[in-house]
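# Fold and geometry: a report
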Amino acid sequence: MVRSVVPSIVPSGDDQTVYLVINNFGNLGTAFPETDVDKADLETLIGDLMSGQYSNPVHVVAFDTAEQWSADVSQDVAHEIRRRADLAGDDLAPSIVEFVETHGPTRQLSLRLI
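A few points on the structure. If you're wondering where the values come from, they're calculated on a predicted model, not measured in any experiment.

Rules used in this analysis
Residues numbered from 1 in each chain as written. Predicted model: local features only at pLDDT ≥ 70, side-chain atom pairs only at ≥ 80, totals over all residues. Heavy atoms only, no water. Phe/Tyr/Trp six-rings, centres within 6.5 Å; stacked < 30°, edge-to-face > 60°. Helix = DSSP H or I, 4+ residues; strand = E, 2+ residues; numbered from the N terminus. Core = buried A, V, L, I, M, F, W, Y, C linked by side-chain atoms within 4.5 Å. Buried < 20%, exposed > 50% of the residue type's maximum accessible area, 1.4 Å probe, protein only. Contact = heavy atoms within 4.5 Å. Salt bridge = Lys/Arg side-chain N within 4 Å of Asp/Glu carboxyl O. Expected span 1.5 Å × (residues − 1).

Another aspect to go through is the packing of aromatic side chains. Across all of its chains, the model carries 1 aromatic pair by this definition. Ring centres 6.3 Å apart and planes at 65° place the aromatic pair Phe32 and Phe63 in the edge-to-face group. Of this pair, Phe32 sits in the loop between strand 2 (30-31) and helix 1 (42-50) while Phe63 is found in strand 3 (residues 57-64), placing the two residues 31 residues apart along the sequence.

In C-alpha cells form, the structure reads like this:
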C-alpha cells in the first residue's frame, strides 16, 4: 500500500502567530485570500493593507497554533494603520478606508484657536 504524504498547513516555527485577512469578493462572498505562510506576519500584513494589496478587507484574524488560540484582531490592526498613516501624513489607500473606519479610531483633527 502506497501512502501519500500531505504537507502540513501548520507554520514550521515553534510559536508563530499567523495573520490572515478576510476579504469581501462581492457576489463571490468573503474568503481568506491565498497567503504565503512566510508572509503572514503582522508587519507584512499591515504593509500589504496600507499599499492596497487587498481589494475589500473586512476582518483580520490571528492564529497561534502553538498556544491554540485565534482572535479577531481587526480593531488592533485598524488602530495601527491609522497611527502609521497619521504619523506619515498619508491618506489611507482607498481599499482600506472602510475597514479602518469600521474597526479603528476616527482621525483626530487638531484645531488651533486664535
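One finds Leu45, Leu49, Val60, Val77, Ile81, Ile96 and Phe99 to be the most contacted residues of the largest nonpolar core, which totals 18 residues. Put simply, the parts of the chain that give this core at least two residues each are strand 1 (17-24), helix 1, strand 3, helix 2 (74-88) and helix 3 (97-103). No other element matches the 4 residues that helix 2 contributes to this core. Contacts of Leu49, omitting those with residues within four sequence positions, involve Val21, Tyr54, Pro57, Val60, Val77, Ile81, Ala93 and Ile96.

We now examine the pattern of salt bridges. Under the criterion given, the structure shown has 3 salt bridges. A salt bridge links Glu80 to Arg83, with the nearest nitrogen and oxygen atoms 2.7 Å apart. Taken together, the residues span about one helical turn, with Glu80 and Arg83 both in helix 2 at a distance of 3 residues. As a salt-bridge pair, Arg84 and Glu80 come within 2.7 Å of each other at their nearest N and O atoms. Taken as a pair, Arg84 and Glu80 lie in helix 2 at a separation of 4 residues, close to a single helical turn.

Here the focus is helix 2. Across its 15 residues, helix 2 extends 21 Å between first and last C-alpha, which sits within 8% of the 21 Å expected from 1.5 Å per residue. The complete set of buried residues in helix 2 reads Ser74, Val77, Ala78, Glu80, Ile81, Arg82 and Ala85. Just downstream of helix 2, Gly89 is the residue with a positive phi angle, here 70°.

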